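Each chain, written out:
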Amino acid sequence: NDPVIGPGSHGQMARLCVERLYVMHSELSALAKGWRDRPEFQPYLKAVKATPNLGAVANAGREFFEKAPACFFSKFRFIFDKQVTSHWRSDPMLYYMLSGNPELAKRFSLWLQEYYQTLTDDVLDDDDISDDDSDSDDDDVPSIFPDREIVLRHHQMS
């Protein structure tokens, strides 16, 4: 049930999925970079150290188990991007991006408007194409995304 809409609103949490996607992406990235420092993985690392080298990854010795985490995270990221990220970042899901957190929706719509204006300007300036694609003016344009932390409500982490 959606905490804002109330009881009987099953399926309405989809408006928060884009935000959750970001949280999942962030946690996956952090885990992939820092899993070796986490206490729950220490028994695995200890067991890997105790496993003998057998000369090749295919022999399933220490070489295999030392490469297994990188392979796991690579495959997990691939599936996550293919099955989850691509869906929630697709055109049909656009309205969910605009119906979630009001601050994020505002910034996202400004970003879309800026992107549309850039495309429109590029089409109008097609006669002005030069070999130099650098836009020195872009360095002076302020970002539409504020450099601050936004607290996402209704996201419970376990």
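Because the structure is predicted, anything quoted here is derived from the model rather than measured. (Residues numbered from 1 in each chain as written. Predicted model: local features only at pLDDT ≥ 70, side-chain atom pairs only at ≥ 80, totals over all residues. Heavy atoms only, no water.)

(A) Main features of the nonpolar core. Ranked by size, the top nonpolar core spans nine residues in total: Ala14, Leu21, Leu28, Trp35, Leu45, Phe73, Phe80, Trp88 and Met93. Secondary-structure elements contributing two or more residues to this core are α1 (17–34) and α3 (62–88). The element contributing the most residues to this core is α3, with three residues. Residues contacting Leu21, with those up to four places away along its chain left out, are Phe80, Val84, Thr85, Trp88 and Arg89. (Core = buried A, V, L, I, M, F, W, Y, C linked by side-chain atoms within 4.5 Å. Buried < 20%, exposed > 50% of the residue type's maximum accessible area, 1.4 Å probe, protein only. Helix = DSSP H or I, 4+ residues; strand = E, 2+ residues; numbered from the N terminus. Contact = heavy atoms within 4.5 Å.)

(B) Layout of a nonpolar patch on the surface. A cluster of nonpolar side chains, Leu94, Leu98, Trp111 and Leu112, forms an exposed patch at the surface whose accessible area comes to about 320 Å². For Leu112, a relative accessible area of 30% translates into the label partly exposed. (Patch = residues over 30% accessible without salt bridge, like charges linked within 9 Å, V, L, I, M, F, W, Y side chains within 5 Å. Areas by Shrake-Rupley, 256 points an atom, 1.4 Å probe, with all protein chains shown as cover. Salt bridge = Lys/Arg side-chain N within 4 Å of Asp/Glu carboxyl O.)

(C) Spotlight on unusual backbone geometry. Phi angles above zero are rare outside glycine, and Ala60 is one such case at about 60°. Within the element layout of this structure, Ala60 appears in the loop between α2 (42–50) and α3. Judged by relative accessible area, which is 40%, Ala60 ranks as partly exposed.

(D) Quick peek at the pattern of salt bridges. A full pass over the atoms with the stated rule returns two salt bridges. Residues Arg77 and Asp81 are paired through a salt bridge, measuring 3.7 Å at the closest nitrogen-oxygen approach. In this pair, Arg77 and Asp81 are both assigned in helix α3, four residues apart and thus about one turn of the helix distant.

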